[in-house]
Amino acid sequence: MKIKYLLFALVVMFSLHSCVVLSTKKYKGMLATQDSLTTRTQTLEAQVSALKGDSTRLSDEIAKLKNELAGSQDDLAKLKGNYNDLNNNLTSTNSKVSKLSADLQKREQRLKEVEDILRKRDEATNALKEKLQKALLGFQQSGLSVDIRDGKVYVSLTDKLLFPSGSIVIDEKGKAALKQLAAVLNKEPDINMAVEGHTDDKKVINLGQIKDNWDLSVLRATSVTRYLTETEGIDPKRLTATGKSQYQPIDATDSNDARAKNRRIEIVLTPKLDELYNLIKN
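Model, not experiment: these values are computed from the prediction.

## Things to note about the packing of aromatic side chains
Going through the model one piece at a time under the given rule, you end up with 1 aromatic pair. With a centroid separation of 5.5 Å and an interplanar angle of 35°, the aromatic rings of W214 and Y247 are classed as tilted. Residue W214 is located in helix α4 (residues 213–231), and its partner Y247 is located in the loop between β4 (239–245) and α5 (256–262); the two are separated by 33 residues in the primary sequence. Residue W214 is classed as partly exposed on the basis of its relative accessible area of 41%. Geometry around Y154 places R149 over its ring, the cationic atom sitting 3.8 Å from the centre.

Right, dumping it as structure tokens:
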């Protein structure tokens, strides 16, 4: 029995020793596992912390990008508005340019028409001057001249060709000159005439009804006008008589020759410009 108990005791002791030995190994294994798990946990925690940091940074960047996107969208909306405004302005400008271009074409057309009319006037004026020079050639040595000024033909007759000294009655030589002039003008119905009387700067004295140079210039102009209409048959509607007195001299110098030039009758011949006036009026 003692042997059995001894053997039993040995077996129990051996079992206990094995258990102690095994438990220590497991414990160490568990510690190693724990250490490994702790290390992995720490690593994971570090990774999680890093990920959280990345997540926070990404969130900030996303928020920033959202703000930038919102700003870009506002800028885009403004640009679209500006584009629409510019497009509207461009459309309006194009419309104005088209209108201005059309107006310019009309003005160019009217300018061409005016130039054509003025060219015709100049041609008619030059032709009239040539006709008058030929018709009045015999009187040019007696103080008659024909020239063109400002698109008008001026027939200038000195007072000695038309009137006795201090008189308003046309003499025979003057009538002959006016007769030749009327022969041309009666064939030119589109020519208007202004008869202008001019004097020198010497005061009129002892001439009865003629009080001064104004009277003398006007009465001589009306004498010529009356002769052209009543004797030579020119339509009175084409004629105007005016007196300029001494105030439009040809030669302003103080000499007898200058005064002789200034004492004159000027018949100003103007082609009718109804076509031009109507064009301007319209």
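## Observations regarding the side chain of E266
In this structure, E266 sits in strand β5 (residues 264–271). Look at E266 and you get buried, because its relative accessible area is 3%. Apart from the residues lying within four places of it in its own chain, the contact partners of E266 are R149, Y154, V155, S156, A194, V195, E196, H198 and I250.

## Quick notes on the sheet that holds β5
Reading across the sheet, the 5 strands line up as β1-β2-β5-β3-β4 and stay open at both edges, with mixed pairing between neighbours. Only two strands of the sheet have a single neighbouring strand rather than two, namely β1 (144–149) and β4. Between one strand axis and the next, the sheet turns by 20° as a mean value, whatever way the strands run. Sheet analysis places β1 next to strand β2 (residues 152–158), joined by 6 bridges and oriented antiparallel. Across the sheet, residue R149 finds its bridge partner in β2, namely K152. Contacts from helix α3 (residues 172–185) reach β2, β3 (191–198) and β5, with the element oriented near 5° to β5. Helix-sheet contacts for α4 involve β3, β4 and β5, and the interaxial angle to β4 is about 160°.

The rules we used
- All chains use their own residue numbering, which begins from 1 and follows the written sequence.
- Per-residue local features are limited, in this predicted model, to residues with pLDDT of at least 70; the limit for side-chain atom pairs, both in listing and counting, is 80 or more; totals at the level of whole chains, interfaces and linings are taken over all residues.
- Just so you know, side-chain values use all the structure's heavy atoms and leave hydrogens and water out.
- Two aromatic rings from Phe, Tyr or Trp, using only the six-membered ring of Trp, form a pair when their centres are within 6.5 Å; if the ring planes differ by under 30 degrees the pair is stacked, by over 60 it is edge-to-face, and anything between is tilted.
- Helix numbering and strand numbering both begin at the N terminus, where a helix is a DSSP run of H or I of at least 4 residues and a strand a DSSP run of E of at least 2.
- Burial classification: accessible surface area is computed with a 1.4 Å probe over protein chains only, and a residue below 20% of its type maximum counts as buried, one above 50% as exposed, and the rest as partly exposed.
- Cation placement over rings: the criterion is NZ of Lys or CZ of Arg within 6 Å of the ring centroid and within 35° of the ring normal.
- Residue contacts are counted whenever heavy atoms from the two residues lie within 4.5 Å of one another.
- Pairing between strands is defined by DSSP: at least two bridges between them are needed.
- Whenever a helix is involved, its axis is fitted only over the stretch in contact; in every case the axis is a line through C-alpha atoms, and angles between N-to-C directions fall within 0 to 180 degrees.

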